[in-house]
Amino acid sequence: MDLSQKSKQFFLKYHAALSGHKKNPELISQFVEDEKLTGHILFFENLFPEYEVIIDDLVAEGGRFS
């Protein structure tokens, strides 16, 4: 599997785990190492519990996936 496919698979796994679900530090830490990004995600989770992210287009390493 090439890098763009690995990136796509990682993001889709991240999306399935977090989008539309309760987000907590333990779950987020499976995908995010940056503390600022974790804080950002938790901040918006507080404002909009179980918020959902909708993917219109996914682009990785120059490839566009639908």
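Scroll up a little and you will see the structure.
So, here's what we can say about the structure. (Residues numbered from 1 in each chain as written. Predicted model: local features only at pLDDT ≥ 70, side-chain atom pairs only at ≥ 80, totals over all residues. Heavy atoms only, no water.)

Notes on the nonpolar core
Moving on, step 1. Among the nonpolar cores identified, the biggest contains 6 residues, and these are Leu 18, Leu 27, Ile 28, Phe 31, Val 32 and Ile 41.
Moving on, step 2. Apart from residues no more than four positions distant in its own chain, Ile 28 is found in contact with Leu 18, Lys 23, Thr 38, Ile 41 and Leu 42. (Core = buried A, V, L, I, M, F, W, Y, C linked by side-chain atoms within 4.5 Å. Buried < 20%, exposed > 50% of the residue type's maximum accessible area, 1.4 Å probe, protein only. Contact = heavy atoms within 4.5 Å.)

Thoughts on the pattern of salt bridges
Opposite charge on two side chains makes pairing possible when the charged atoms of those side chains draw close.
Moving on, step 1. With the rule as written, the count across this model stands at 1 salt bridge.
Moving on, step 2. Notably, a salt bridge pairs Glu 45 with Lys 23, separated by 3.0 Å at the nearest N-O pair. Placement of Glu 45 in helix H3 (residues 35-47) and of Lys 23 in the loop between helix H1 (3-18) and helix H2 (25-28) is noted, with a sequence separation of 22 residues between them. For the pair shown, Glu 45 and Lys 23 are each scored as buried. (Salt bridge = Lys/Arg side-chain N within 4 Å of Asp/Glu carboxyl O. Helix = DSSP H or I, 4+ residues; strand = E, 2+ residues; numbered from the N terminus.)

Any functional reading would require information that these geometric values do not contain.
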